[in-house]
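Residue-level listing of the chains:
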Amino acid sequence: MQIRELPGPRGLPVLGNMLQIGTASLHLTAERWSREYGECFRFRIGPRQILALANPETIATVLRDRPDGFHRTKRLSAIANDMGFSGVFSANGDSWRRQRPMVMAGFDPNHIKSYFPALVKVTRRFERRWQRAAAARETIDLQADLMRYTVDVTAGLAFGADINTLESDEEVIQTHLDKIFPSLFKRLMAPVPYWEWFRDRKLDRHLEALHRAVADFIAQARSRMEANPKLREQPTNLIEAMIAARDNPGSGLSDSDVAGNVLTMLLAGEDTTANTLAWMIYLLHRHPAALRRACDEVRAKNLEKYEEVTALPFVDACINETMRLKPVAPIIMLQPARDTVVADIEVPKETLIMCLMRAGATDERRFPDAGAFDPGRWLAGASASSPKRVSMPFGAGPRLCPGRYLAILEMKMVMAMLLSGFEIESVATPDGREAKEHLAFTMYPVGLRLKLAARATA
């Protein structure tokens, strides 16, 4: 079968289905189309034809055939290069192979375990911030506070920098980071590359500020390595490993590779974990029985012991259930590196493929009561069949997210801190309605506000 033979929504000449799509709700529209037209369908955005896949087994096969069979879209790579963060996230082929081992080394479980005391320090700062808000009866901008936390953690683990935005009243780096993903997504989905002719001066100023911050991280790391040459053989964080590898003869790496990965880690570390935490706090507040069970589990734990924080099976189940229902990456865009066949469909080289990551995970055929928030389905003995084969929040195959161990640990730390020390009085939008999903490369809840009270000690 050829792509043109597939079903799909009727479009207009030249424009295709562009007028039927809002970029902020693209994933919702595509998921609705999948329910109407099936697990393989087609649509167009202007001149660009897109093959959409909703079957999790098909998607897993495609994701595992990376980087040789499929790769990030050429437009994503070009935009990342233009913005100056052409790191492992957007790299393809040999460039990806050179960078991936160093990034993986920076985020392996042993390195993360050694970083745990610093993670506790950052979490205690976060706790004090929320204690002040609770004492003053202030409403917390949930998304903004979570992003301060995740950036502080990422900067400490990956770059050895204690930037402490949690206790800063000055302009913080998130002010600039927050502008990148929405601009990237807008460019990715545009029918034509308008930015090649019209520069966004505001965006350029944010990028310049971020590049200055990144240059400072690199300069600090080089200074440490000059003072202590042993760090070249035994780097203590990602940026030191990158610099040591960059300076090895024949590495094939450049200064821009180092800078690109530093910025990529900041971007990825901020948005994805913060968004999942925001959704999880929101969902738990709406499900009191699950919230009580999570509270009971964390109260028996010592948050300063790595083994106890990682051994939170129900909180872990809540994380998995949140990522199933509210994946921060509900779509993944790919292109085949060569002519290929996907689900009996002939797919020419460089065809745009949209993988709908939530469609299978919310399908009644695969999960009973699929739309319900039920963490119990992830626990040992649950009846759901192989949920991890269907829900793939960190992707699959060789390009599995390198930061997944850190992300899970951050989530457990924040939830343990929150549930052991506070009562959640409310998690709501300003208008009191259900939180809306907004897609801006990552998917986040719009406008959540949190009110806390200090938990009474026994």
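Above this text you will find the structure in question.
The sections below set out a description of the structure shown in this document. Residue positions are given per chain, counted from 1 along the sequence in the order it is written. Local features are withheld for residues below a pLDDT of 70 in this predicted model, meaning they are given only at 70 or higher, and side-chain atom pairs are given and counted only at 80 or more; totals for whole chains, interfaces and linings count all residues. To get the side-chain values, take all heavy atoms of the structure and skip hydrogens and water.

1. Observations concerning the overall build of the protein chain
The secondary structure content of the protein chain amounts to 16 helices and 12 strands. Based on C-alpha atoms, the radius of gyration is set beside the globule rule, defined as 2.2 Å times the residue count to the power 0.38. Here the C-alpha atoms of the protein chain give a radius of gyration of 22 Å, agreeing with the 23 Å that 2.2 N^0.38 yields for 458 residues. Counting only C-alpha atoms and orienting by the principal axes, one finds that the protein chain spans roughly 65 × 55 × 45 Å. Should any heavy atoms of two residues lie within 4.5 Å, those residues are counted as being in contact. Counting contacts in the protein chain only where the partners sit at least 6 residues apart, residues at least 24 apart contribute 74% of the total. Here, Shrake-Rupley sampling with a 1.4 Å probe gives the accessible areas, and only protein chains in the shown set may cover a residue. Approximately 19900 Å² of the protein chain is accessible, and the part contributed by carbon and sulfur atoms is 51%. Both charge centroids of the protein chain, one from 61 positive and one from 55 negative side chains, sit 2 Å from each other. Secondary structure counts use DSSP, requiring at least four H or I residues in a row for a helix and at least two E residues in a row for a strand, with both numbered from the N terminus. Under the convention used here, Asp and Glu are negative, Lys and Arg are positive, and both His and the chain ends fall outside the count. Taken as the charge location is NZ of Lys, CZ of Arg, CG of Asp or CD of Glu.

2. Some remarks on the sheet that holds strand E12 (residues 449-454)
In this analysis, strands are considered paired if DSSP registers two or more bridges between them. Judged by pairing direction, the sheet is antiparallel, and its three strands sit side by side in the order E4-E12-E9 without closing on themselves. Looking at strand neighbours, the two that pair on one side only are strand E4 (140-141) and strand E9 (422-428), the edges of this open sheet. Simply put, an axis is a line fit to the C-alpha atoms, just over the touching stretch for a helix, and the angle between two N-to-C directions goes from 0 to 180 degrees. Along the sheet face, helix H5 (residues 109-135) touches E4, E9 and E12 and points at about 85 degrees away from the line of E12.

3. Quick look at empty space enclosed by the protein
Residues are said to line a cavity or pocket when one of their atoms sits within 4 Å of a point; the points come from a 1 Å grid over protein atoms alone, cavities being sets where a 1.4 Å probe fits but cannot get out and pockets being open sets with protein on both sides within 12 Å along at least five of seven lines. Grid points are joined across faces, edges and corners, and a volume is the space filled by probe spheres set on the points. For the coordinates displayed, the defined rule picks out three cavities of 30 Å³ or more. Estimated volume of the largest cavity: approximately 960 Å³. In this structure, the largest cavity is lined by 45 residues; those nearest its centre are Arg 72, Phe 89, Ala 268, Thr 272 and Cys 401. Counting residues per element, the ones that place at least two in the lining of the largest cavity are helix H4 (93-106), helix H8 (180-189), helix H11 (255-285), strand E5 (331-336) and helix H16 (404-421). No other element matches the eight residues that H11 contributes to the lining of the largest cavity. Split into classes, the residues belonging to the lining of the largest cavity amount to 30 nonpolar, 10 polar and five charged. Looking at the second largest cavity, its volume works out to about 70 Å³. In terms of lining residues, the second largest cavity is bounded by Arg 48, Ile 50, Thr 73, Arg 75, Leu 188, Met 189, Met 333 and Leu 352. Those elements that provide at least two residues to the lining of the second largest cavity are strand E2 (48-53) and H8. Gly is put with the polar residues, along with every residue not named as nonpolar or charged; the nonpolar set is Ala, Val, Leu, Ile, Met, Phe, Trp, Tyr, Cys and Pro, and the charged set is Asp, Glu, Lys and Arg.

4. A few points about the sheet that holds strand E3 (residues 70-71)
Pairing is mixed across the open sheet formed by five strands, whose spatial order is E1-E2-E8-E5-E3. Of all the strands in the sheet, the pair left with one neighbour each is strand E1 (40-45) and E3. Relative to strand E8 (residues 352-356), E2 is paired through four bridges, and the arrangement is parallel. In the strand pairing of E8, Ile 50 is matched with Leu 352.

5. Section: the state of the cysteines
When two cysteine sulfur atoms lie within 2.5 Å, the pair is treated as a disulfide. Counted under the stated rule, the structure contains zero disulfides. Free cysteine: Cys 40, not disulfide-bonded; nearest cysteine sulfur from Cys 355 at 10 Å. Only protein chains enter the accessibility calculation, which uses a 1.4 Å probe; a residue whose area is less than 20% of its type maximum is buried, one above 50% is exposed, and one in between is partly exposed. Here Cys 40 falls in the buried class, since its relative accessible area comes to 17%.

6. Examining the pattern of salt bridges
A side chain of one charge can pair with a side chain of the opposite charge if their charged atoms are brought near each other. Here, a salt bridge means any Lys or Arg side-chain nitrogen found within 4 Å of an Asp or Glu carboxyl oxygen. Within the structure shown, the criterion is met by 34 salt bridges. One salt bridge in this structure joins Arg 366 and Glu 57, with 3.4 Å as the shortest N-O distance. One end of the pair, Arg 366, is in the loop between E8 and helix H15 (387-390); the other, Glu 57, is in helix H2 (residues 56-64), with 309 residues separating them in the sequence. Residue Arg 366 is classed as buried on the basis of its relative accessible area, which comes to 18%. Glu 57 sits in the partly exposed class, given a relative accessible area of 46%. With its nearest N and O atoms 3.9 Å apart, the salt bridge here joins Arg 299 to Asp 296. Taken together, the residues Arg 299 and Asp 296, both in helix H12 (residues 288-299) and three residues apart, mark about one turn of the helix.

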